[in-house]
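Here is what each chain is made of, one letter per residue.
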Amino acid sequence: MRNELLAAPVDMATALFSPSRPFSRKVQKWIYMHSGNCQKVIIHFASPLKRTKLYKVLLQTGPVHCFSTGSSKLQNNKLSFDKSDPICSQRSHTSHDHPITLTKDHMNDLEDQLQELFNEVKSLLVEGNKASAIDLLQANFMAVKDQIDAGLRGIEQAATLDVIALGFMGVGDFKSVDSLLEMMQEIVSCLHNDDPLLDSVLMHMGSMYTTLGKLENALLVYRRGLEILENIFGNTSPFLITPLMGMAKVFGLTGRATKAKEMYLRAISILETNRGVQCEDLVIPLFGLGNLFIEEDQAAEAESSFKRILSIYEKLYGENDGRVGTAMCSLAHALCAKGAVNEAISLYRKGLQIIKDSKFMAIDDVVLEKMRTDLAELLHVAGREQEGRKLLEECLLISEMYKGNEHPSSVTHLLNLASSYSRSKDYIEAERLLRTSLQIMSKTTGPDDHSVTVPMLHLAVTLYDLHRDEEAESLAMEVVRIREKASGEQSLAVGEALDCLVSIQNRLGRDDDKLLTLLKRILGIQERMLGSESEETVTTLKKIVFLLDKMGRKDEKMPLQRRLSMLRTKYKQKVPI
């Protein structure tokens, strides 16, 4: 439900300078992640296609304790080491010094202890006892740091840091995770590929690097993990699926679609060879491949991937299983990309009904909520606003029913509803909903938190629609101030807010020179963050050309106009003169 300003332009300036309404669903994830009081703890584990017993993480209430590794002993809540023990002595060297092979019993004991730590941390987080989880993780970090400072830099230390880093991921302390990854990288770079557990540690590092946005680092460790597994099991083993899927995700996120497809297709081929063409494990790579096809505007190929997922689920579980319903919703998404809107709506409704009847998901499940919102968006695109709005109201009602009237999770639904009413030009109702969402976010995160600016900017645009320009300007300026402080002056979020401010100030008749300065600043941000040929950049260029023409500065206008002319074919738009 992309809400562009729908009012008919009175003139070229109105057409160019009307602010684009922020798209509320695109900020849903951002609000969720940055609303500390409502953040949900979710820990993602490695693919079940693993060969080692991978540790899971979390904690118990009660006294904080440390785990021991090797011949270490627990004394006064700290680890001490028996230097006479041959294993401890040998592991004080790096693996380039060729330490003795660790015994199977020793590694099993290490894994058991790491598993125990992970389980304890997980239990504490599930119970909501975040403080105790942090205490436990920090205590164990100090223990392993003592080992490292004493010269122990082997797989035991790397694996222990791995579990601690996973725990901090669950806590949401990404700064600590980043620091731990640096320590882990320093250790694993000196380890041999035949060290036990190294492949599992590398897979976890890849996942954490990806979460932190350090995609090239993720790619490097995934590649090394893949090499290790290929050397052990060959090029067609199902154990390769985890690194292949990790690499596919990184390639997709970095715009290397061809390489991402290669990884997905290789994973699919391996699974088909080892487990058959109808195995359920195919669903994950098929889903990733289908989404990649949609992003690449290859709707027919995407449809094929999602149809295959639907077929697998129907044959395995029957036509009325909830998994079939979710597959139908994914296929509907592909049909929408293909342009078959009515068919997509029908399939979405059928899929949601199957999910409801089978009780496959809780009514307030976040995945089910997204499906309802996707359908609502599609209904708006099809011009069926009333039906779409009914679904959005249902989402809001469910959120309020299960989480309370002022829970931050309701903000997304309030924003979506406000956008729906704005689409129908009911700006009064949109304003009411936006003020409610702004009030909730202000209470939850504080008045200067970045997430507050999302409903605030929506409200500024709505006030502009109501011709309350002075109020709109004040809010837009406040959004700029908060975002500059939170994200830096050259962030894309600041550029979005400045673009809205320029539109408002243009109608207020503010000084053209100041408007031009702001537009050039916006252009610089967009070129740097989105590219010199992005649609957003082109739109800003058109505004600058229009304003320069208005100011009579034709010499400055001409080179920009030539640049726009070169882009005219790509976007099939006329350059304003």
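Caption draft 1: Quick peek at the overall build of the protein. Helices and strands together make up the secondary structure of the protein, namely 25 helices and 2 strands. Among the 577 residues that make up the protein, the fraction classed as buried is 49%.

Caption draft 2: Structural detail: the environment of valine 171. Within the element layout of this structure, valine 171 appears in helix H6 (residues 155–171). The sequence separation of valine 171 and leucine 125 amounts to 46 residues, and the corresponding C-alpha distance is 7.4 Å. Residues in contact with valine 171, not counting those within four places in the same chain, are Leu125, Lys130, Ala133, Ile134 and Leu137.

Caption draft 3: Geometry of the packing of aromatic side chains. Overall, the coordinates contain 3 aromatic pairs when judged by the stated rule. Seen from their ring centres, phenylalanine 287 and phenylalanine 306 are 5.7 Å apart, and the 75° between their planes marks the pair as edge-to-face. Of this pair, phenylalanine 287 sits in helix H12 (residues 283–295) while phenylalanine 306 sits in helix H13 (residues 299–317), placing them 19 residues apart in sequence. By relative accessible area, phenylalanine 306 is classed as buried at 1%. Taken together, a centroid distance of 6.1 Å and an interplanar angle of 45° make the contact between tyrosine 313 and tyrosine 317 tilted. Placement of both tyrosine 313 and tyrosine 317 in helix H13 is noted, with a separation of 4 residues, approximately one turn of the helix. Relative accessible area serves as the criterion here: at 31%, tyrosine 317 is assigned to the partly exposed category. A cation over an aromatic ring shows up here: arginine 389 above the ring of tyrosine 421, its NZ or CZ 4.4 Å from the ring centre. If you follow arginine 507 out to its NZ or CZ, it ends over the ring of tyrosine 464, 3.6 Å from the centre.

Caption draft 4: Representation of the environment of leucine 368. Here leucine 368 shows up in helix H16 (residues 366–381). With 27 residues separating them in the primary sequence, leucine 368 and cysteine 395 have C-alpha atoms 9.7 Å apart. With near-sequence residues (within four places) excluded, leucine 368 lies in contact with Leu352, Ile355, Met361, Ala362 and Ile363.

Caption draft 5: Representation of the packing of helix H14 (residues 322–338) against helix H15 (residues 341–358). Where H14 meets H15, the closest approach of the two axes is 8 Å, and the angle between their N-to-C directions is 165°. In terms of orientation, H14 lies roughly antiparallel with respect to H15. For the pair H14 and H15, the crossing hand works out as left-handed. Every residue of H15 that contacts H14 at Gly322, Gly325, Thr326, Met328, Cys329, Leu331, Ala332, His333, Leu335 and Cys336 is listed here: Glu343, Ala344, Leu347, Tyr348, Lys350, Gly351, Leu352, Ile354, Ile355 and Ser358. Broken down by class, the residue content of the contact of H14 with H15 amounts to 12 nonpolar, 6 polar and 2 charged.

Caption draft 6: How the structure looks around the pattern of salt bridges. All chains considered together, the criterion is met by 36 salt bridges. The salt bridge involving glutamate 429 is made with arginine 432; its shortest N-O contact spans 2.5 Å. On the criterion of helical spacing, the pair formed by glutamate 429 and arginine 432 is a turn pair, its members being 3 residues apart in helix H19 (residues 427–445). Via salt bridges that share partners, Glu431, Arg435, Arg468 and Glu471 belong to a single interconnected network.

Caption draft 7: A look at a nonpolar patch on the surface. Where nonpolar side chains cluster on the molecular surface, the patch consists of Ile363, Leu397, Met401 and Tyr402 and spans about 430 Å² of accessible area. By the element assignment, isoleucine 363 lies in the loop between H15 and H16. Taking the relative accessible area as the measure of exposure, isoleucine 363 reaches 40% and is therefore partly exposed.

Caption draft 8: Fine view of the packing of helix H20 (residues 453–465) against helix H22 (residues 492–508). Remark: H20 packs on H22, axes separated minimally by 11 Å, with the N-to-C direction vectors making an angle of 20°. With respect to H22, the axis of H20 lies roughly parallel. Taken as a pair, H20 and H22 cross one another with a handedness that is left-handed. Seen from H20, the contacting residues are Leu457, Ala460, Val461 and Tyr464; seen from H22, they are Glu496, Ala497, Cys500, Ser503, Ile504 and Arg507. Residues that form the contact of H20 with H22 fall into these classes: 7 nonpolar, 1 polar and 2 charged.

Caption draft 9: The side chain of lysine 543, seen in detail. Turning to its location among the elements, lysine 543 is positioned in helix H24 (residues 535–551). Polar side-chain contacts of lysine 543 include one of 2.9 Å to the side chain of aspartate 499. Those residues in contact with lysine 543 that sit more than four places away from it in its chain are Leu16, Phe17, Asp499, Ser503 and Leu519.

Rules used throughout
Going along each chain's sequence as written, the residues are numbered from 1 onward. Only residues with pLDDT of 70 or above have their local features reported here, since the model is predicted, and side-chain atom pairs are shown and tallied only from 80 upward, although totals for entire chains, interfaces and linings are computed over all residues. Water and hydrogen atoms play no part in the side-chain values, which are based on all heavy atoms of the structure. Secondary structure elements are taken from DSSP: a helix is a run of H or I of four residues or more, a strand is a run of E of two residues or more, and numbering for both begins at the N terminus. Categorising residues by exposure relies on relative accessible area from a 1.4 Å probe, with only protein chains included: less than 20% of the type maximum marks a residue as buried, more than 50% marks it as exposed, and the intermediate range marks it as partly exposed. In what follows, residue pairs with any heavy atoms lying within 4.5 Å of each other are defined as contacts. Two rings belonging to Phe, Tyr or Trp (six-membered ring only in the last case) form a pair when the distance between their centres is within 6.5 Å. Interplanar angles under 30 degrees mark stacking, angles over 60 mark edge-to-face geometry, and anything in between is tilted. Charge-over-ring placement is defined geometrically: NZ (Lys) or CZ (Arg) within 6 Å of the ring centre, and within 35 degrees of the ring normal. Inter-axis angles, ranging from 0 to 180 degrees, are taken between N-to-C directions of lines fitted to C-alpha atoms, where helices are fitted over the stretch in contact. Oblique is the label for any angle not covered by the other classes, which are roughly parallel (under 35 degrees), roughly antiparallel (over 145) and roughly perpendicular (65 to 115). It is the rotation of the near helix from the far one that decides the hand of a crossing: anticlockwise by less than a right angle makes it left-handed, clockwise makes it right-handed. Throughout this entry, Asp, Glu, Lys and Arg are counted as charged residues, while Ala, Val, Leu, Ile, Met, Phe, Trp, Tyr, Cys and Pro are counted as nonpolar. The remaining residues, Gly among them, count as polar. A pair is scored as a salt bridge if a Lys or Arg side-chain nitrogen falls within 4 Å of a carboxyl oxygen belonging to Asp or Glu. Any residue with relative accessible area above 30% and no salt bridge may belong to a patch, with like charges joined within 9 Å and the nonpolar Val, Leu, Ile, Met, Phe, Trp and Tyr side chains within 5 Å. Computed by Shrake-Rupley with a 1.4 Å probe, the accessible areas treat only the displayed protein chains as cover when residues are assessed. Two N or O atoms count as a polar contact when they lie within 3.5 Å, although within protein this holds only if one can serve as hydrogen donor and the other as acceptor, and sequence-adjacent residues are included solely when both atoms are side-chain atoms.

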